[in-house]
Each structure stands twice: as structure tokens, then as C-alpha cells.
Amino acid sequence: MASVWATTNRRDNIIQINLNEHLVRLCKIHAEKCTLGGNSQVHRSRNKRTAMLGEDQLVGQVTTCAASEWLNKDNGRAYDKERKIRNKNPYEGDGGIDLYPYSIDVKGSKIRRKNKPLPTYTLPVRPKELHEDCIYILALADLDDMCVYLVGWASYEMFSKHPDSAGIFKGAHTLKATSLNIMPKTSISKIRKLKIMGL
């Protein structure tokens, strides 16, 4: 499987999803209803974590919605349907499945510095979220322009069996963006996308 940076035109290997007004509205509605409860991959102080909850919720919804659009191309129907079901049990986790019924876990993060090269980002997965049958997608959200970059994907066996022992992702299994597999193109069918990812 080719990595994200295996070809010469690196930017073309990243999928950009621009959310329209309808999708942005859906994301904001579901961000207000969902309960994140402190599951950020990044270690923060309690006070800072509380202050960031609203933003974390929105990033999570925006990146999940964008990944759903990449997979389904249905203007938010599958995303909205799944979120309405989960909103009925807001304190129940998703079990690592963001694009139901497929074992795809979207790991979203906000782009905080636009001059930071996308290849320098990291895909973190906590030990309890690392499953043999799951696919992980690194998704970066630009909340100013409401667009999401699907940087690449990884399978279970690509991660080190030992989590990071130090740094911002201490305790998580991590992969650099440059080690990820190329995202299947948006234009191909859902069946082909899932097949490429081994699902």
C-alpha cells in the first residue's frame, strides 16, 4: 500500500472536503447536543480542557461529517441520521465507529497554524481505541473556512505495539502523517473505497 507521500505531487494525495452551509449547520446542531466528556487525544489541564469543550465538539462533528461526505456523497444524510440516533444516548461512546456500520474511526484535529505543513501532523490512537478490525483516518479541520483535509488512513498493524512514552501524545499509539496510506479518491464508489481499505 502506497503511503501519502509516495508520489511526487504530495498535495494531490490529500482529500479536501469543503462543507456547504447545510452541512455546517448540521455540524453545529450536533456539536451542541453531543457530549465529549474529556476524551481529547491531547493532554490539557482541567481548566483549559473545559474551555476547549465547545471547540473540540465542533471539530469532532466537522471532521466526521466530512469523512461521511467523502464516503457517501449524500449531502449529510448518513451523517445526520447516525448523529440523531447517537444523540438519544449522549453518554454512550461510539465504540470506535464513526461511519456506521463500517469500522472507521475518524481522528479529527483543528488546524491551529495554517503555515504548519500538513505532513507534520500526527495520527494518535489511545490503547483502548486500537482494534484489529478498525481503520483510522487523520482528518484536519480548518474552522475558519469550514473545510476538512483527509490526510490519510491507517490499519491496526501499522501502529507500534508500544504507545508514546513522552510528548503531547504520551500514552497513545501514533503515526506520522507521512506514514499513512493514501485516501481513496472521492470520485470512486463507496464499495471501491471500502475494498481499498480492506473493509
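What counts as what
- Residues numbered from 1 in each chain as written.
- Predicted model: local features only at pLDDT ≥ 70, side-chain atom pairs only at ≥ 80, totals over all residues.
- Heavy atoms only, no water.
- Core = buried A, V, L, I, M, F, W, Y, C linked by side-chain atoms within 4.5 Å.
- Buried < 20%, exposed > 50% of the residue type's maximum accessible area, 1.4 Å probe, protein only.
- Helix = DSSP H or I, 4+ residues; strand = E, 2+ residues; numbered from the N terminus.
- Contact = heavy atoms within 4.5 Å.
- pLDDT = per-residue confidence, 0-100.
- Phe/Tyr/Trp six-rings, centres within 6.5 Å; stacked < 30°, edge-to-face > 60°.
- Lys NZ or Arg CZ within 6 Å of the ring centre and 35° of its normal.

**Q** Can you walk me through the nonpolar core in this structure?
**A** It is characteristic of soluble globular proteins that their nonpolar side chains tend to be buried jointly. Of all hydrophobic cores here, the largest spans 32 residues; its most connected members are Leu19, Val62, Trp70, Ile137 and Leu150. The set of elements that each furnish at least two residues to this core consists of strand E1 (15-18), helix H1 (21-33), helix H2 (46-72), strand E2 (104-110), strand E4 (135-142) and strand E5 (147-155). Take this core: its biggest share by element is eight residues, from H2. Not counting residues up to four positions away in its chain, the partners in contact with Ile137 are Trp70, Ile104, Asp105, Val106, Lys107, Leu123, Leu150, Gly152, Trp153, Met183 and Met197.

**Q** I tried to follow unusual backbone geometry on my own but got confused; where do I start?
**A** Negative phi is the rule for most residues except glycine; trans is the rule for most peptide bonds. Of note, the bond from Tyr100 into Pro101 is cis; its omega dihedral lies within 30 degrees of zero at 5 degrees. One can find Pro101 in the loop between helix H3 (77-87) and E2. One non-glycine residue, Met146, lies in positive phi territory at about 50 degrees.

**Q** For this particular structure, what's the right way to read the confidence of the model for the chain?
**A** Predicted coordinates in regions of low pLDDT should not be interpreted in detail. Confidence along the chain averages 86 in pLDDT terms, with 82% of residues attaining 70 or more. Contacts from residues 4-9, a stretch scored under 50 in pLDDT, to residues over four places away or in other chains number 14 contacts. In the predicted structure, residues 36-44 sits below a pLDDT of 50 and forms 26 contacts with residues beyond four places in sequence or in another chain.

**Q** Help me understand the packing of aromatic side chains, please; the structure alone is not making it clear to me.
**A** The description of two aromatic rings rests on the distance between their centres and on the angle between their planes. This model, assessed by the stated rule, comprises one aromatic pair. Measuring from ring centre to ring centre gives 5.6 Å for Tyr136 and Phe159, while their planes differ by 85 degrees; the resulting arrangement is edge-to-face. In this pair, Tyr136 sits in strand E4 while Phe159 sits in the loop between E5 and strand E6 (173-176), placing the two residues 23 residues apart along the sequence. Phe159 matches Tyr136 in its accessibility class, with the two residues each being buried. Residue placement shows Lys116 over the ring face of Tyr121; its charged tip is 4.3 Å from the ring centre. Sitting above the plane of the Trp70 ring, Lys193 keeps its charged end 5.2 Å from the centroid.

**Q** Which parts of the structure should I look at to understand the side chain of Ser68?
**A** Residue position: Ser68 is located in helix H2. By relative accessible area, which is 3% here, Ser68 ends up buried. Apart from the residues within four sequence positions on either side, Ser68 is in contact with Lys73, Ala78, Tyr79 and Leu99.

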